[in-house]
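These are the residues of each chain, in order.
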Amino acid sequence: MNFIFEFKKLMTYGFVMASASLAMVNAASLSNTAQDIGAYNQNMINYQMAATKAATRYAKALLDLAIEQNLAEQVNNDMIDLKSLCDDSSDLTAFLQSPIIQKSKKLEILDAMFKGNVQDMTLGFYKLITKNKRENILELIAEAYISLYKDHKGILDVQLTSAIKLEDKVKKEILAKV
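Just so it is clear, the model here is predicted, and its values are computed rather than measured.

(A) A look at the pattern of salt bridges. For the structure on display, the rule yields 8 salt bridges. With a shortest N-O distance of 3.2 Å, Asp64 and Lys60 are connected by a salt bridge. In this pair, Asp64 and Lys60 both sit in helix 1 (residues 2–68), 4 residues apart, roughly one turn of the helix. Under the relative-accessibility criterion, Asp64 is labelled partly exposed at 36%. Notably, a salt bridge pairs Asp87 with Lys83, separated by 2.7 Å at the nearest N-O pair. Placement of both Asp87 and Lys83 in helix 2 (residues 72–88) is noted, with a separation of 4 residues, approximately one turn of the helix. Residue Lys83 is classed as buried on the basis of its relative accessible area, which comes to 16%. Several salt bridges converge on common partners, so that one network encompasses Lys83, Asp87, Glu139 and Glu143.

Take a look at the structure:
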């Protein structure tokens with residue numbers, strides 16, 4: 001009986017030791033995994049910041065050219081439409097971001113989608129961005145262009161919150177003052 005008790009005690013102790021060893025290994029693995037995830041997240045943040053900066057530079061150049069050619073409003077409408085399309089279609093976003101689809105195929109599809117539906121300047125810009133392998137940030141460029149256009153025109157987005165329902169007459173008065 002003593003033998004069985006000692007065996008159970010050793011087995012329990014061995015199991016506890018093995019569990020503790022596994023826990024230490026798992027904790028180390030989790031720590032490494034957490035560090036990997038942290039590094040990945042930091043890389044994604046850095047990529048997004050770089051992409052946003054690049055998108056802003058492209059949008060600024062496009063806006064400057066559009067202003068010069070008196071097409072800023074029409075190009076803005078094209079960018080609003082592109083942003084809306086990207087928001088509504090995950091397929092379009094995936095298409096633009098896919099590194100697998102060849103540049104020539106992307107150019108062909110963009111031409112088929114947008115020719116006659118957007119300004120020639122806008123379509124030429126889409127093609128230029130694609131030729132420069134930056135089509136993956138086209139949606140960001142559209143967002144940046146819209147923002148820069150609003151700044152250029154002095155347009156501010158406002159939101160009115162009211163504790164009571166506003167009558168149409170009051171809404172019209174507020175809109176007239178804004």
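(B) Quick look at the packing of aromatic side chains. The final tally for this structure, using the stated rule, is 3 aromatic pairs. Taking the centre distance of 6.5 Å and the plane angle of 70° together, the rings of Tyr58 and Phe125 count as edge-to-face. Of the two residues, Tyr58 sits in helix 1 while Phe125 sits in helix 5 (residues 120–131), which places them 67 residues apart along the sequence. Taking relative accessible area as the criterion, Phe125 reaches 9% and is therefore assigned buried. Taking the centre distance of 6.4 Å and the plane angle of 10° together, the rings of Tyr145 and Tyr149 count as stacked. With a gap of 4 residues between them, Tyr145 and Tyr149 both fall in helix 6 (residues 138–153), about one helical turn apart.

(C) Highlighting the packing of helix 4 (residues 103–114) against helix 5. Relative orientation of the contacting elements helix 4 and helix 5 amounts to 165°, with a least axis distance of 10 Å. Classified by the angle their axes make, helix 4 and helix 5 are roughly antiparallel. For the pair helix 4 and helix 5, the sense of crossing is right-handed. Between helix 4 and helix 5, the residues in contact are Lys103, Lys106, Leu107, Leu110, Asp111 and Phe114 and Leu123, Tyr126, Lys127, Thr130 and Lys131, respectively. Of the residues contributing to the contact of helix 4 with helix 5, the split by class is 5 nonpolar, 1 polar and 5 charged.

Parameters at a glance
- Residues numbered from 1 in each chain as written.
- Predicted model: local features only at pLDDT ≥ 70, side-chain atom pairs only at ≥ 80, totals over all residues.
- Heavy atoms only, no water.
- Salt bridge = Lys/Arg side-chain N within 4 Å of Asp/Glu carboxyl O.
- Helix = DSSP H or I, 4+ residues; strand = E, 2+ residues; numbered from the N terminus.
- Buried < 20%, exposed > 50% of the residue type's maximum accessible area, 1.4 Å probe, protein only.
- Phe/Tyr/Trp six-rings, centres within 6.5 Å; stacked < 30°, edge-to-face > 60°.
- Axes fitted to C-alpha atoms, helices over the stretch in contact; angles between N-to-C directions.
- Parallel < 35°, antiparallel > 145°, perpendicular 65-115°, else oblique.
- Left-handed = near helix turned anticlockwise from the far one by under 90°.
- Contact = heavy atoms within 4.5 Å.
- Nonpolar A, V, L, I, M, F, W, Y, C, P; charged D, E, K, R; others polar.

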